[in-house]
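# Architecture and fold: a report
Each chain is listed here by its residues.
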Amino acid sequence: MSNREPTPHAADIASALERNRAFAAAGGHEGAVVFPTLRLFVITCLDPRVDPAHFLGLRLSDAIVVRNVGGRVTEQVIDDVAFIGQIAENALPDGPLFEVAVIHHTQCGAGALADDAFRRRYAERIGADESALRQRAVVDPGATATRDVERLRSAPAISPRVAVSGHVYDVLTGLVETVIPADH
Ligand SMILES: [Zn+2]
C-alpha cells in the first residue's frame, strides 16, 4: 500500500461509483436498446457544461453521442458515423437511417486553438500539424457547426441516407438554436 494521499480523481470516481450502485439497484439499465430510439447521433463538445443527456433531455439509449474538443468533425468522427451508418444499413434496407446533429457551443474552450502560442505548444506536444489545428478552433460556433455539417455531407464514406443538421448551444441561456436544418 502506498502512503500517498488519495488523489482528487480517486475521490471523483468513488463518488460516481456510488451513484452507479444506486442506478443499477433502481434498474436504470433495464430496457436499454442498442439502436438509438430517437435515431439520433449527436456530435458535441466534451465541456462538462455541454452534456446532451441534460440539455437535450436524452435518456439511456435515446442517442449515440460522440464528444471531443469542440465537437468537431474529424477523420475519426467521420469513421464513427460511417461505421454506425453501415450497421444501420444492415438493419434498415431502405429509407432514412438516422440524423447526425453537430452541436457547437458558446464560450467553447476550443477557442484556445486560435491563440498562436497555445496552438504552437499543443501542436508540438501531440506531434500534429499546426495549421490543421487552427482549423479545429471554435470561435464562432455557428460558423464551425456549418462547416462541419458540410464536411459530413460531402464525406463519401457516409451513406446519403444519413441526414445531417447543425446547431449552437448557448451556455448562458441553455437554449439550442438550429443553424443548418437536416437535409432530409
Ligand atoms: Zn467546448
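Quick summary incoming for the structure in this document. (Residues numbered from 1 in each chain as written. Predicted model: local features only at pLDDT ≥ 70, side-chain atom pairs only at ≥ 80, totals over all residues. Heavy atoms only, no water.)

## Some details on the overall build of the protein chain
Defined as follows: Helix and strand assignments follow DSSP, with helices taken as H or I runs no shorter than four residues and strands as E runs no shorter than two, numbered in order from the N terminus. Partly exposed describes any residue whose relative accessible area lies between the buried limit of under 20% and the exposed limit of over 50%, with all areas from a 1.4 Å probe on protein chains only and scaled to the type maximum. We call two residues in contact when some of their heavy atoms are within 4.5 Å. For the charge count, each Lys or Arg is scored as positive and each Asp or Glu as negative, with His and the chain ends excluded. Charge placement uses NZ in Lys and CZ in Arg. For Asp and Glu, CG and CD serve respectively.
Per the secondary structure count, the protein chain includes six helices and five strands. Each helix (α) and strand (β) of the protein chain, taken in turn from the N terminus, gives the series α-β-α-β-α-β-α-α-α-β-β. For the protein chain, the C-alpha atoms occupy an extent of roughly 60 × 50 × 35 Å along the three principal directions. Buried residues in the protein chain amount to 36% of all 184 residues. When contacts within the protein chain are restricted to residue pairs at least 6 apart in sequence, those whose partners lie at least 24 apart make up 63%. With 18 positive and 24 negative side-chain charges, the protein chain shows a separation of 3 Å between the mean positions of the two kinds.

## Let's talk about unusual backbone geometry
Its identity as a non-glycine residue notwithstanding, Arg39 has a phi of 50 degrees, on the positive side. Relative accessible area serves as the criterion here: at 37%, Arg39 is assigned to the partly exposed category. At Ser61, a position not held by glycine, the phi torsion is positive, near 70 degrees. For Ser61, a relative accessible area of 16% corresponds to the buried category.

## What to know about the coordination of the zinc ion
In plain terms, the rule: Counted as donors are N, O and S atoms no farther than 2.8 Å from the metal, or 3.2 Å for Na, K and Ca; water is not among the atoms, and sites may therefore look incomplete.
Binding of the zinc ion to the protein goes through Cys45 (SG), His105 (NE2) and Cys108 (SG), at separations of 2.0 to 2.3 Å. Of note, the donors binding the zinc ion are all from one chain and are spaced C-x59-H-x2-C. Residue Cys45 is found in strand 1 (residues 40–45), and its partner Cys108 is found in the loop between strand 3 (98–105) and helix 4 (116–126); the two are separated by 63 residues along the sequence. Per residue, the accessibility class of Cys45 equals that of Cys108, and both read buried.

## Structural notes on the nonpolar core
Going by this rule: Think of a nonpolar core as a cluster: buried Ala, Val, Leu, Ile, Met, Phe, Trp, Tyr and Cys residues, connected wherever their side-chain atoms sit within 4.5 Å.
The biggest cluster of nonpolar side chains holds 23 residues, and the ones touching the most others in it are Phe41, Ile43, Val81, Phe98, Val100, Leu152 and Ile158. Contributing elements (two or more residues each) for this core: strand 1, helix 3 (75–91), strand 3, helix 6 (141–153) and strand 4 (162–169). If you tally residues by element for this core, the top one is helix 3, at six residues. Once residues lying within four places of it in the same chain are set aside, the contact partners of Phe98 are Arg39, Phe41, Val81, Ile84, Gly85, Ala88, Arg161, Val162 and Ala163. Membership of the second largest hydrophobic core comes to 14 residues, among which are Leu40, Cys45, Ile103 and Val171.

## Brief notes about the layout of surface pockets
Rules: Any residue with an atom within 4 Å of a point lines the site, the site being either a cavity, points on a 1 Å grid over the protein atoms alone where a 1.4 Å probe fits but cannot get out, or a pocket, an open set with protein on both sides within 12 Å along at least 5 of 7 lines. Grid points are joined across faces, edges and corners, and a volume is the space filled by probe spheres set on the points. Here the nonpolar group is Ala, Val, Leu, Ile, Met, Phe, Trp, Tyr, Cys and Pro; Asp, Glu, Lys and Arg are the charged ones; every other residue, Gly included, is treated as polar.
In this structure, the largest pocket occupies an estimated 240 Å³ of space. The wall of the largest pocket is formed by 13 residues, among which Val73, Ala132, Gln135, Arg136 and Arg151 lie closest to the centre. Put simply, the parts of the chain that give the lining of the largest pocket at least two residues each are helix 5 (130–134) and helix 6. At three residues, helix 6 tops the list of elements feeding residues into the lining of the largest pocket. The residue inventory of the lining of the largest pocket, partitioned by class, reads four nonpolar, two polar and seven charged.

## Section: the pairing of strand 5 (residues 176–180)
Counted only if it meets this: DSSP bridges decide pairing: two strands pair if at least two such bridges lie between them.
One ladder, built from four bridges, connects strand 4 with strand 5; its direction is antiparallel. Within strand 5, the position partnered with Tyr169 by the bridge is Val176. What sits between strand 4 and strand 5 in their antiparallel hairpin is a turn of six residues, with Gly174 showing a positive phi close to 80 degrees.

## Regarding the environment of Phe41
Here Phe41 shows up in strand 1. Looking at Phe41, the relative accessible area reads 1%, which means it is buried. Contact partners of Phe41, with chain neighbours within four places excluded, come to Ile64, Val66, Asp80, Val81, Ile84, Phe98, Glu99, Val100 and Ala101.

## Considering the pattern of salt bridges
To be explicit about the condition: Counted as salt bridges are all cases of a side-chain nitrogen of Lys or Arg within 4 Å of a carboxyl oxygen of Asp or Glu.
Scanning all chains against the criterion turns up nine salt bridges. The partner of Glu75 in a salt bridge is Arg151, with the nearest N and O atoms 2.5 Å apart. Placement of Glu75 in helix 3 and of Arg151 in helix 6 is noted, with a sequence separation of 76 residues between them. Its salt-bridge partner being Glu130, residue Arg119 comes within 3.3 Å of it at the nearest N-O pair. Of this pair, Arg119 sits in helix 4 while Glu130 sits in helix 5, and the two are eleven residues apart along the sequence. We classify Glu130 as partly exposed; its relative accessible area is 25%. Put simply, Asp116, Arg119, Arg120 and Glu130 are held in one network by salt bridges that share partners.

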